[in-house]
Amino acid sequence: SMPADVRASDDDWSMPAVGNETPEEATTGELLSPPADGGIPDSGAGEVYQRAMIAIWNFDLTGAAALLEPFRRTQPWHAAAFAECAFMRVLITARQGDAALALELVCEAEGVLDAAC
């Protein structure tokens with residue numbers, strides 16, 4: 001039997017929240033908009049990544065991308081997750097333009113990984 005927090009009701013076709021957070025809790029707060037000075041949010045890259053993954057699994061791709069954007073050019077895990085957002089959008093829209101963007105972002109993520117090694 002599935003735990004209550006991951007089991008969807010029969011009449012609800014939306015994805016269940018991952019863990020104990022709702023999608024809104026996973027993507028709200030100051031992390032959605034970068035600080036005015038353009039610096040890295042105080043919570044750090046690790047927490048941002050975790051919150052973005054929760055948002056992705058709850059199909060809040062816009063919220064996840066907003067969380068990952070400040071880190072995607074310097075952090076390999078964040079760059080890959082940003083590309084994952086684009087790939088998930090392809091699964092939803094099946095648009096060729098979305099697929100091309102997803103592939104471009106995967107290539108960028110590979111570049112970030114290469115630069116980090």
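Above: the structure in question.
A brief report on the enclosed structure follows. (Residues numbered from 1 in each chain as written. Predicted model: local features only at pLDDT ≥ 70, side-chain atom pairs only at ≥ 80, totals over all residues. Heavy atoms only, no water.)

**What about the packing of aromatic side chains?**
Now for step 1: This model, assessed by the stated rule, comprises one aromatic pair.
Now for step 2: Between Tyr49 and Trp77, the ring centres sit 5.9 Å apart and the planes meet at 75°, which makes this aromatic pair edge-to-face. Placement of the pair is Tyr49 in helix H2 (residues 44-57) and Trp77 in helix H4 (residues 76-93), with a sequence separation of 28 residues.
Now for step 3: A residue is classified by how much of its surface remains accessible, and Trp77, at 62% relative accessible area, is exposed. (Phe/Tyr/Trp six-rings, centres within 6.5 Å; stacked < 30°, edge-to-face > 60°. Helix = DSSP H or I, 4+ residues; strand = E, 2+ residues; numbered from the N terminus. Buried < 20%, exposed > 50% of the residue type's maximum accessible area, 1.4 Å probe, protein only.)

**Some remarks on a nonpolar patch on the surface**
Now for step 1: A cluster of nonpolar residues, Phe59, Phe87, Leu91 and Ile92, forms a patch on the protein surface that exposes about 410 Å² of accessible area.
Now for step 2: The topology assignment puts Leu91 in helix H4. (Patch = residues over 30% accessible without salt bridge, like charges linked within 9 Å, V, L, I, M, F, W, Y side chains within 5 Å. Areas by Shrake-Rupley, 256 points an atom, 1.4 Å probe, with all protein chains shown as cover. Salt bridge = Lys/Arg side-chain N within 4 Å of Asp/Glu carboxyl O.)

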